[in-house]
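Chain residues, written in single-letter form:
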Amino acid sequence: MGLGGTTLQTLKLATIPTPSSSSLRSVFKPLSQSFLYRHSRRRPALQLFFVRGLSAPAVQATATATPKTTSPDENGMKQQWKAAIDFKWIRDNKDAVAANIKKRNSNANLEHVLELYHKMLNLQKEVEQLRGERNVVANKMKGKLESSERQRLIEEGKNLKEGLLSLEEDLLKLTDELQQEAQCIPNMTHPDVPIGGEDFSTIRKMVGTPHEFSFPVKDHLQLGKELDLFDFDAASEVSGSKFYYLKNEAVMLEMGLINWTLLEVMKRGFTPLTTPEIVRSSIVEKCGFQPRGANTQVYSIEDSDQCLIGTAEIPVGGIHMDSIIAASLLPLKYVAVSHCFRTEAGAAGTASRGLYRVHQFSKVEMFILCRPEESDFYHEELIRIEEDLFSSLGLHYKTLDMASGDLGAPAYRKFDIEAWMPGLARFGEISSASNCTDYQSRRLGIRFRSSEPALTNPKKGKSNLAPPQFVHTLNATACAVPRMIVCILENNQQEDGSVIIPEPLRPFMGGLEFIHPKPR
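It should be emphasised that the depicted structure is a prediction, and the values quoted were computed from it without experimental measurement.

**Here's the deal with the UniProt feature "binding site: ATP" (unreviewed entry) in the protein chain**
Per the UniProt record, "binding site: ATP" (unreviewed entry) is annotated on Arg342, Thr343, Glu344, Val358, His359, Gln360, Phe361, Glu429, Ile430, Ser431 and Ser432. Relative to the assigned elements, Arg342 resides in the loop between β9 (332-341) and β10 (360-370). Residue class for Arg342 comes out partly exposed when judged on its relative accessible area of 27%. Residues contacting Arg342, with those up to four places away along its chain left out, are Gln297, Tyr299, Gly310, Thr311, Val358, His359, Phe361 and Lys363. A distance of 2.8 Å separates the side chain of Arg342 from the backbone oxygen of Gly310, its partner in a polar contact. The residues touching Phe361, leaving out its near neighbours within four places in the chain, are Tyr244, Gly310, Ser338, His339, Cys340, Arg342 and Pro482.

Following this line, the structure appears as structure tokens:
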């Protein structure tokens, strides 16, 4: 599902008011602290190379990615970015990889990957053998030779060159096919993740109890209509289904949620960002999402290599693409404000009505880049921040350790938080926190280098610094605005039809304590 057959020309985005500079000064850290080494933009394109091994808890198929080039090849097609894949590790750990593919309900074809890898190894040997023969012929021609012998060697060299060009072309095609197949292999899975579909996810934590009401409970749609907070009918005429206008206090509530969340997360050492909301399709792919296909959640822009973002995780992940970060700068912590766009293909029914599932929404997203040995620690930190935020708003929620079948390809482990929504009479997902280990960084080419010397003596002329390693990336939702509005309206409704504004949000809403019904 795309953009309805039209080409997107422009997006008009609403600006987000921010608090005064004095209130921000205490929580901002200087941006210079998060600068990194970046390769010169004038350098030649990175060459494809193969890594020898992957970190044990985070093994997966893809490795450092070369930038996607937009120049067409001989057939007029854009060249596909390539990842350096540790096929040897996959082959040597075939049983573990196969079991992981099965437990995650992945459609990756491991047998085909290994078959292509075997063919590639054999073809590489043939290429190397032919190159060796060509070098032998070239060396023979350097000496004094009879005319007939020189002519024979010239013919032999010509034949070897033609044969080598043919084999190299076959090798390139085989490598491309192998790349496409291997990129379907998902990240490995944390040993504590429950095995099975979504129903096998386990409750990690339960906080609070459902609000008790002495009057008939209204859902957010009814509350929004009576309080004149949003308009789905007009938005449907203007944009289509699953779009909406926020009105009156709902606009203030969105801004209040964003600014309160932003400042709370910044207090924990996160650098704030706003991001591009249109990105190249290759960045979407490198982050582990599918920008094309019948069931994609991504809006692709027709006749371009660009997409609308479904989460700020994608443009934030791309900030440090093809970079080596000084180890002393890690972790890098970002909190990003953006609009998000999702096709919500296949989403329908009463469980998705109203603001619960929409095509466009505002979101505050946390993103961390860290050392491999620290990613479990920061995963716990992210879920703790989420829980602190939702507890501050007085929500009744549960934290889930998501089962293997519900993990997307990049996630090594994922925790979801579901809050009680009285009007919908069920728990609904309001956030998730994922540890993607080095799945994304190997595709995006994000590494770090320690200032400590290598353990072994370097070769002559080589640096004695330890080789760069891939960072681990983590992401977590701090605030998905529409679902937070659902929670606040439904949990804080009063018998007289008003809604209480949670105390932490009041300073960000001009001191507003209640949303009252409008006079008719």
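**With respect to the sheet that holds strand β5 (residues 271-274)**
With respect to topology, eight strands assemble into an open sheet ordered β2-β11-β12-β13-β16-β10-β9-β5, the strand pairing being mixed. Unpaired on one side and paired on the other, β2 (202-207) and β5 mark the two borders of the sheet. The average undirected angle you get between the axes of adjacent strands in this sheet is 25 degrees. Sheet analysis places strand β12 (residues 413-421) next to strand β13 (residues 426-435), joined by nine bridges and oriented antiparallel. Within β13, the position partnered with Ile417 by the bridge is Ser431.

**A short note on the state of the cysteines**
Should the sulfur atoms of two cysteines be covalently bonded, the bond is a disulfide. Going through the model one piece at a time under the given rule, you end up with zero disulfides. Lacking any disulfide linkage, Cys487 is separated from the closest cysteine sulfur, that of Cys479, by 9.8 Å. Relative accessible area serves as the criterion here: at 0%, Cys487 is assigned to the buried category.

**Some points on the packing of aromatic side chains**
For the structure shown, the criterion picks out seven aromatic pairs. Both rings, one in Trp420 and one in Phe427, keep their centres 5.2 Å apart while their planes meet at 70 degrees; by these two values the pair is edge-to-face. By way of ring pairs, the aromatic residues Phe230, Phe232 and Tyr244 are connected into one cluster. If you follow Arg426 out to its NZ or CZ, it ends over the ring of Tyr356, 4.4 Å from the centre. A cation over a ring is seen here: Arg483 above Tyr356, with NZ or CZ 3.7 Å from the ring centre.

**Observations regarding the pairing of strand β14 (residues 446-449)**
Direction of pairing for strand β8 (residues 323-326) relative to β14: parallel, over a ladder of four bridges. Residue Ser323 lies in a different strand from β14, and its bridge partner there is Ile446. Of the strand pairs in this sheet, β14 and strand β15 (residues 469-470) are connected by two bridges, and their pairing is antiparallel. Looking across to β15, one finds that Phe448 is bridged to Gln469.

**What about the packing of helix α3 (residues 94-103) against helix α4 (residues 110-140)?**
Their axes nearest at 10 Å, the elements α3 and α4 cross at an angle of 145 degrees. In this structure, α3 uses Lys94, Val97, Ala98 and Ile101 to contact α4, whose residues at the interface are Leu110, Glu111 and Leu114.

**Overview of helix α5 (residues 147-182)**
An α-helical turn contains 3.6 residues, so a residue and the one three or four places further along point in the same direction. Compared with the 52 Å implied by 1.5 Å per residue over 36 residues, the 51 Å span of α5 between its first and last C-alpha is a close match. Within the span of α5, buried status applies to Leu153, Gly157, Leu160, Leu164, Leu167, Leu171, Leu174, Thr175, Leu178, Gln179 and Ala182. Against α2 (87-92) and α4 lie the buried residues of α5.

**Considerations on the pattern of salt bridges**
One pass over the full model with this rule turns up 26 salt bridges. Here Glu380 ties to Arg204 by a salt bridge, and the two come within 2.5 Å at their closest N and O atoms. Residue Glu380 is located in helix α11 (residues 375-392), and its partner Arg204 is located in strand β2; the two are separated by 176 residues in the primary sequence. The exposure class assigned to Arg204 is partly exposed, which follows from its relative accessible area of 35%. As a salt-bridge pair, Asp406 and Lys414 come within 3.6 Å of each other at their nearest N and O atoms. Each of the salt bridges in this network shares a partner with another, and the network as a whole consists of Glu264, Lys267, Arg268 and Asp388.

**Observations concerning the environment of Lys225**
In this fold, Lys225 is placed in helix α6 (residues 220-226). Its relative accessible area of 71% is what places Lys225 among the exposed residues. Distance in space between the C-alpha atoms of Lys225 and Pro517 is 9.6 Å, their sequence separation being 292 residues.

**A closer look at the nonpolar core**
Counting residues in each nonpolar core, the largest one holds 61 residues, and the members touching the most others are Leu257, Met366, Leu395, Ile430 and Leu505. Elements supplying a minimum of two residues to this core: α8 (249-266), β9, β10, α11, β12, β13, β16 (472-480) and α13 (481-491). Broken down by element, the residue count for this core peaks at nine residues, all from α8. Contact partners of Met366, with chain neighbours within four places excluded, come to Val265, Phe270, Tyr334, Val335, Leu382, Ile385, Glu386, Leu474, Asn475, Ala476, Thr477 and Ala478. The next biggest cluster of nonpolar side chains, apart from the first, holds 29 residues, and it includes Ala108, Leu130, Leu164 and Leu174.

**Looking at the side chain of Ser201**
When you line up the elements, Ser201 lands in the loop between α5 and β2. Look at Ser201 and you get buried, because its relative accessible area is 15%. At 2.9 Å, the side chain of Ser201 forms a polar contact with the backbone oxygen of Glu198. Looking at Ser201, its side chain comes within polar contact range of the main-chain nitrogen of Ala403, at 2.9 Å. Setting aside residues no more than four positions away along its own chain, Ser201 makes contact with Asp401, Met402 and Ala403.

**A word on the environment of Pro519**
Mapped onto the secondary structure, Pro519 falls in the segment after β18 (514-515). Residues Pro519 and Leu227, spaced 292 residues apart in sequence, show a C-alpha to C-alpha distance of 9.7 Å.

Rules of the game
- Residues numbered from 1 in each chain as written.
- Predicted model: local features only at pLDDT ≥ 70, side-chain atom pairs only at ≥ 80, totals over all residues.
- Heavy atoms only, no water.
- UniProt positions renumbered as here; feature names shortened; annotations may be inferred.
- Helix = DSSP H or I, 4+ residues; strand = E, 2+ residues; numbered from the N terminus.
- Buried < 20%, exposed > 50% of the residue type's maximum accessible area, 1.4 Å probe, protein only.
- Contact = heavy atoms within 4.5 Å.
- Polar contact = N/O pair within 3.5 Å; in protein donor to acceptor, adjacent residues only side chain to side chain.
- Pairing = 2+ DSSP bridges.
- Axes fitted to C-alpha atoms, helices over the stretch in contact; angles between N-to-C directions.
- Disulfide = S-S within 2.5 Å.
- Phe/Tyr/Trp six-rings, centres within 6.5 Å; stacked < 30°, edge-to-face > 60°.
- Lys NZ or Arg CZ within 6 Å of the ring centre and 35° of its normal.
- Expected span 1.5 Å × (residues − 1).
- Salt bridge = Lys/Arg side-chain N within 4 Å of Asp/Glu carboxyl O.
- Core = buried A, V, L, I, M, F, W, Y, C linked by side-chain atoms within 4.5 Å.

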